[in-house]
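# Chains, contacts and geometry: an overview
Now for the letters of each chain:
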Amino acid sequence: NAGVTQTPKFQVLKTGQSMTLQCAQDMNHEYMSWYRQDPGMGLRLIHYSVGAGITDQGEVPNGYNVSRSTTEDFPLRLLSAAPSQTSVYFCASSSGDITNQPQHFGDGTRLSIL
Amino acid sequence: TQLLEQSPQFLSIQEGENLTVYCNSSSVFSSLQWYRQEPGEGPVLLVTVVTGGEVKKLKRLTFQFGDARKDSSLHITAAQPGDTGLYLCAVYNNDMRFGAGTRLTVKP
């Protein structure tokens, strides 16, 4: 099983460039989310979706957009990259109630903004 | 101030030693999850605790949820190099929140 697949694995951008981080899951999970992980700060929720057509903001949404047109895909868009967005980004999915169901994480996208 | 405070931040021990790491908060939660993350990978769920005072065991790992459901601990008995990783606690508080983690290194 592929689980949660993130692409690309690594990316270097210049300040002001835009890009889309891809996330796909093959488990038919309704709940999907994006996190960023920075040293000493753990994982912080950027945006999440409880199903196709529904998205909501997490703890640190500024500078990022998301959409959920299908159950399988949940892309994260950086509109105008800034050095503060240098981080490791993780996508996760869950089958239902995330308070007691596991989130399945991808292996991350390591993003550097110069 | 983070919602979840994990301690210690770093821990380096020899194989065979026992250890305990902590996840503390001033808030009450309906449940708490522990994840382990290895380098270059995403976190993997170890356990979910839901009842105050609950103790769950996963082989050499023992998880406890505080009576007041504000804190949790993870105890590892006879640590092995394979236990090396970042241990994260997480709760649902309007959305998912993670602690900063305890980075454990077990030396052979």
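Above this text is the structure in question.
Residues numbered from 1 in each chain as written. Chains lettered and ligands numbered in written order. Predicted model: local features only at pLDDT ≥ 70, side-chain atom pairs only at ≥ 80, totals over all residues. Heavy atoms only, no water.

### Topic: the sheet that holds strand 7 (residues 64-66) of chain A
All names here are of chain A. Defined as follows: Pairing between strands is defined by DSSP: at least two bridges between them are needed. In this description a helix means any DSSP run of H or I spanning at least four residues, a strand means any run of E spanning at least two, and both kinds are numbered starting from the N terminus. Note on method: axes are straight lines fitted to C-alpha atoms, helices fitted across the in-contact stretch only, with angles between N-to-C directions ranging 0 to 180 degrees.
The 4 strands are arranged 1-3-8-7 in an open sheet whose pairing can be described as antiparallel. Strand pairing shows two members of the sheet lacking a second neighbour, strand 1 (4-7) and strand 7, which therefore form its edges. Here the average twist between neighbouring strands, direction ignored, is 20 degrees. As paired strands, strand 3 (residues 19-25) and strand 8 (residues 76-78) are joined by 3 bridges and run antiparallel to one another. Looking across to strand 8, one finds that Met-19 is bridged to Leu-78.

### Observations concerning the interface of chain B and chain A
Put simply, the rule reads: The contact criterion used throughout is that any non-hydrogen atoms of two residues lie within 4.5 Å. A simple way to read buried area is as the amount of 1.4 Å-probe accessible surface that goes missing from two parts once joined, with both sides added. A pairing counts as a salt bridge when a side-chain nitrogen of Lys or Arg comes within 4 Å of a carboxyl oxygen of Asp or Glu.
Tallying the contact residues gives 22 residues for chain B and 23 residues for chain A. Summing both sides of the interface, chain B and chain A together bury roughly 1,600 Å²; the carbon and sulfur share of this comes to 55%. Its largest share of buried area at the contact with chain A, chain B owes to Pro-43, Met-96 and Phe-98 of chain B, together 28% of the area lost on that side. The interface formed by chain B and chain A includes 1 salt bridge. A salt bridge links Arg-97 of chain B to Glu-59 of chain A; the shortest N-O distance between them is 3.7 Å.

### Describing the pairing of strand 9 (residues 87-94) of chain A
Successive side chains on a regular strand alternate, one facing one side of the sheet and the next facing the other. Residue and element names in this part refer to chain A. Note the following rule: The buried label applies to any residue whose accessible area, calculated with a 1.4 Å probe on protein chains only, is under 20% of its type's maximum; exposed applies above 50%, and partly exposed to all values in between.
The buried fraction of strand 9 amounts to 7 of the 8 residues, a majority that puts the element mostly inside the structure. The pairing of strand 4 (residues 31-38) with strand 9 spans 7 bridges and is antiparallel. Looking at the pairing, Arg-36 lines up with Tyr-89 of strand 9. One ladder, built from 3 bridges, connects strand 9 with strand 11 (residues 109-113); its direction is antiparallel. Paired with Val-88 across the two strands is Arg-110, which belongs to strand 11. Alignment of strand 9 against strand 10 (residues 104-105), held across 2 bridges, turns out to be antiparallel. When the sheet's bridge partners are listed, Ser-93 is paired in strand 10 with His-104.

### Observations regarding the sheet that holds strand 8 (residues 71-76) of chain B
Residues and elements named next belong to chain B. Taken in spatial order, the 5 strands line up as 1-3-8-7-6 in an open sheet, and their pairing is antiparallel. The sheet terminates laterally at strand 1 (5-7) and strand 6 (55-58), the two strands that pair on one side only. Averaged over all pairs of adjacent strands, the angle between strand axes in this sheet comes to 15 degrees, irrespective of strand direction. The sheet contact formed by strand 3 (residues 19-24) and strand 8 spans 6 bridges and is antiparallel. Bridge pairing in strand 8 places Leu-19 opposite Ile-76.

### A short note on the state of the cysteines
Residue and element names in this part refer to chain A. The cut-off we apply is this: Cysteine sulfur atoms that come within 2.5 Å of each other are treated as a disulfide pair.
Summed over all chains, the structure comprises 2 disulfides over all chains. Across a sulfur-sulfur distance of 1.9 Å, Cys-23 and Cys-91 are joined as a disulfide pair. In this structure, the disulfide formed by Cys-23 and Cys-91 twists by about -70 degrees around the S-S bond and is classed as left-handed. Placement of Cys-23 in strand 3 and of Cys-91 in strand 9 is noted, with a sequence separation of 68 residues between them. An identical accessibility class is assigned to Cys-23 and Cys-91; each is buried.

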